[in-house]
Amino acid sequence: MSFQSHYHVRALNLPPLALSRSSLFPTITRQRSALPLGDSDSYHAVKLTGSNIRRHSCRLRCRHDRLRVFDEDFGGISSLDNWGENEMTNGSMSSSSEGEDNSDTEFVVTPVTEIDLPNISVSNDEALTVAAHRLGLLGRGSRRKHPIKYGVLTNTLLIVFLAFVLVFVDWCAWRIVRLPLKPFHLTCPFLTSAILAACAGYVCVPFLYGLKMYQIIRKEGPARHSVKKRTPTMGGLFFVPIGVIVARFIAGFSSVEVSAAAAATLAFAAIGLLDDIFSLVKSDNGGLSASIRILLEVAVGAWFSFWLSTASIASPYDMKMLVPLPAPLGLVQLGKCYLLLTTFCFVSMGNGVNLTDGLDGLAGGTAALAFVGMSIAVLPICSDLAIFGASMAGACVGFLLHNRYKASVFMGDTGSLALGGALAAMASCTGMFFPLFISSGIFVIEASSVIMQVMYFKTTKYFFGAGRRLFRMAPFHHHLELSGLKEPMIVAGAYALSSTLALFAGYVGLISA
């Protein structure tokens, strides 16, 4: 039985002599093949000719690799590993032409042996498909079969750290508040929200896929983010309500502070939901215009400020409009400026978390750490708000199981604005603006990088006629991406920094109260 086949191989804009094993056969198209079957031994020849190689030719020594092109997939055909070493070819003829970078090249390999092939009928199309696939995988066997999943590792460390901190705070809570608290006062809402949010994700994420609510990727963003364009968004729809509901059940429906914080959180989630819906309808990442969105955020902040001035809530020394600061500053009475600070806090925190939500797991993990820091800070003033913060942190952790690298869902503006509103509500009810500023350091850095980029560009354009950029791209995490850092490394670094800031914020809150 004779086997004769001609293959056409397209080179990838490389000189013929520079082609490696892994890049030699990226695509193989069949020009002409014949497989006459017979009963006698026959001569096996595979001839490769160069169509664009006319002026020069050279005789090359080729490396011989043991190729498993035909394997178990083809029944009775034995693999090439079972053929004798003396049956392999000792050389090949190849010719090349210089100066043609974009030309097609044909290569010829001529094994001069007599080979007995089993008498079996095989589809040439199937053989070529599998052969092309396996030849393209040459050289990959030395790679790690089970690579480390950085998203899983980072999330595991984050969950262990948060659980340890909350258990420790619960253990020594009686020394902090000087009042008897329920066992696992903070750990219970944290774990409950985390488990419920994780389970809800397994139901809601496929539902969002079915509705085709895919994230709109910015064209001016990093090029590697284009692979995320078919990832669903609006994940805040399932984890934000869980955090609010769990906090309401555990803290009790009579808690005025938790009710107000929950209302502010859901109001900001509604603004984000409108933004996401407009983005999907217009197929544009713009969504609501910046002016309309900020106007709505200011309206919610003003409403919360008005509620603070009229409601009876827990406050330091039962006095409103106080901002506790560490010694020697002590308590600062702001008066009407407190209401302006509250509104500013809502707007800045909502947009800060929204700007941070640009990498898989970045906003969710740093928000969980910020909530834990704020829960520790407000515990001496309002233990119910501490439950609210722990519950929201658990909801973020449950969401991270689906948002870790590589993410299967994004929180969207629905989630990011809601998280910012929840943090601002906790600080506004207790006056803990300084611990909020510390625990939300990542959000402050991201928002500040955007402001600095815009101001620097406009200033240099005014003085030099052409705008210049302070960072390669804003927010700052995109600058780090374009500087060569990988996405999981950026997120892990942000977690490490945010963990330190959260612990420090909790400490500042305790000594201030």
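Residues numbered from 1 in each chain as written. Predicted model: local features only at pLDDT ≥ 70, side-chain atom pairs only at ≥ 80, totals over all residues. Heavy atoms only, no water.

Draft legend 1. Expanded view of the nonpolar core. Membership of the largest hydrophobic core comes to 93 residues, with the highest contact counts inside it found for Phe-239, Phe-304, Phe-371, Phe-388 and Leu-419. Examining the composition of this core, we find that 12 residues originate from one element, helix H10 (residues 383-403), more than from any other. Once residues lying within four places of it in the same chain are set aside, the contact partners of Phe-388 are Val-244, Ala-247, Val-258, Ala-261, Ala-262, Thr-265, Ala-422 and Met-426. (Core = buried A, V, L, I, M, F, W, Y, C linked by side-chain atoms within 4.5 Å. Buried < 20%, exposed > 50% of the residue type's maximum accessible area, 1.4 Å probe, protein only. Helix = DSSP H or I, 4+ residues; strand = E, 2+ residues; numbered from the N terminus. Contact = heavy atoms within 4.5 Å.)

Draft legend 2. Up close: the pattern of salt bridges. The full count for this structure, using the stated rule, is two salt bridges. One salt bridge connects Arg-293 with Asp-275, and the closest N-O pair in it is separated by 2.9 Å. Here Arg-293, found in helix H7 (residues 290-310), pairs with Asp-275, found in helix H6 (residues 256-282); they are 18 residues apart in sequence, far enough to count as distant. The burial state of Arg-293 is the same as that of Asp-275; both residues are buried. With a shortest N-O distance of 3.5 Å, Asp-413 and Arg-293 are connected by a salt bridge. Here the residue Asp-413 occupies a position in helix H11 (residues 412-430), and Arg-293 occupies one in helix H7, the gap between them amounting to 120 residues. Judged on exposure class, the residue Asp-413 and its partner Arg-293 are both buried. Through salt bridges that share partners, Asp-275, Arg-293 and Asp-413 make up one connected network. (Salt bridge = Lys/Arg side-chain N within 4 Å of Asp/Glu carboxyl O.)

Draft legend 3. Up close: the packing of aromatic side chains. A complete count under the given rule lists 13 aromatic pairs for this structure. With 6.4 Å between their ring centres and 65° between their planes, Tyr-209 and Tyr-214 make a pair best called edge-to-face. On the basis of relative accessibility, which here comes to 34%, the residue Tyr-209 falls in the partly exposed class. Consider the rings of Tyr-338 and Phe-433, whose centres lie 5.4 Å apart with planes at 70°: the pair is edge-to-face. With a gap of 95 residues between them, Tyr-338 in helix H8 (residues 337-356) and Phe-433 in helix H12 (residues 433-439) connect regions that are remote in the sequence. Classification of Phe-433 as buried rests on a relative accessible area of 10%. An aromatic cluster is defined as three or more aromatic residues linked by ring pairs; in this entry it consists of Phe-268, Trp-303, Phe-304, Trp-307 and Phe-346. A cation sits over an aromatic face here: Arg-468 above Phe-464, 4.4 Å from the ring centre. (Phe/Tyr/Trp six-rings, centres within 6.5 Å; stacked < 30°, edge-to-face > 60°. Lys NZ or Arg CZ within 6 Å of the ring centre and 35° of its normal.)

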